[in-house]
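# Remarks on the overall topology
For reference, the chains in residue letters:
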Amino acid sequence: MSNLKEYLVQKREALLQKREEAKTKDTGPNVLRASVRAEGRSGIRRIRIRDFQVISDSGPDLAGYNLGPSSPELQLGVLGSCLTHVFLIQAALRNVSLDSLDVEVTGQIDPRAGQPGYEEVPVYPHNISYTVHIVSEASQEEITALHEAVERACPILNLLVNPQQINGTVVHTSADKATSETSVAS
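So, how was this worked out
- Residues numbered from 1 in each chain as written.
- Predicted model: local features only at pLDDT ≥ 70, side-chain atom pairs only at ≥ 80, totals over all residues.
- Heavy atoms only, no water.
- Pairing = 2+ DSSP bridges.
- Helix = DSSP H or I, 4+ residues; strand = E, 2+ residues; numbered from the N terminus.
- Axes fitted to C-alpha atoms, helices over the stretch in contact; angles between N-to-C directions.
- Core = buried A, V, L, I, M, F, W, Y, C linked by side-chain atoms within 4.5 Å.
- Buried < 20%, exposed > 50% of the residue type's maximum accessible area, 1.4 Å probe, protein only.
- Contact = heavy atoms within 4.5 Å.
- Expected span 1.5 Å × (residues − 1).
- Arc of directions from axis to C-beta.

Here we have 3 strands laid out as an open sheet, ordered β1-β2-β3, and antiparallel in their pairing. Unpaired on one side and paired on the other, β1 (35-38) and β3 (52-56) mark the two borders of the sheet. Ignoring strand direction, the axes of neighbouring strands in this sheet form an average angle of 20°. The pairing of β1 with strand β2 (residues 45-49) spans 4 bridges and is classified as antiparallel. If you follow Ala38 over to β2, its bridge partner there is Arg45.

This paragraph deals with the nonpolar core. Counting residues in hydrophobic clusters, the biggest one holds 25 residues, and the most contacted among them are Leu83, Val96, Leu98 and Leu146. Here the element with the most residues in this core is helix α2 (residues 71-94); it accounts for 11 residues. Beyond its immediate stretch of four places on either side in the chain, Leu146 contacts Phe87, Gln90, Ala91, Arg94, Val96, Leu98 and Ile134.

For residues other than glycine, phi is negative in most cases, and the peptide bonds are mostly trans. Phi is positive for Ala63, close to 65°, though the residue is something other than glycine. Mapped onto the secondary structure, Ala63 falls in the loop between β3 and α2. Unlike most non-glycine residues, Asn127 shows phi in positive territory, near 50°. Summarising the element assignment, Asn127 is placed in strand β5 (residues 126-135).

Taking 1.5 Å of rise per residue, 14 residues should cover 20 Å, and helix α3 (residues 140-153) covers 20 Å from first to last C-alpha, within 8% of that figure. When α3 is considered as a whole, its buried residues turn out to be Ile143, Leu146, Ala149 and Val150. The buried side chains of α3 occupy one side of the element, clustering within an arc of 125° when seen end-on. Projecting away from the buried face of α3 at angles above 90 degrees are the exposed residues Gln140, Glu141 and Arg152. Those residues of α3 that are buried lie in contact with α2 and β5.

Structure below.
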């Protein structure tokens, strides 16, 4: 049995247990949080999520140091990660045996977007596509049903396909006040 097959057995047990717990506990939706800080001389963005950190940076062409992926690259990676995870979840729930699973995500972003003459070019990643490579003894019908289930259940895929309104707020503190507050706290 491959390691992935063994993992899917464990995944199924965990998913079924979580579903049972959800029936008995009405805790409501989970609140997800991430914070990002631009750092000093490098301008890298340190993303903090729970006890984890991810560094995002730009290439030298945007005054970055190439210390991590850019935000659009991270978005494609997040989509790929979510698709992969939901394939594993759905395979476990459906008892579809997988020997290997690889997801490739591609997209385009045009640095001319929004510039004169390119106002209609999207400033966001577009022409996004993904390819899933599966090695499995399952039938083509089982794999097709698995893919359909993944596309229904994948939260990030559905967020991108069916975007929602995002609300933003800016809290502005003058530099003089921030400096005096910092020195008082020291």
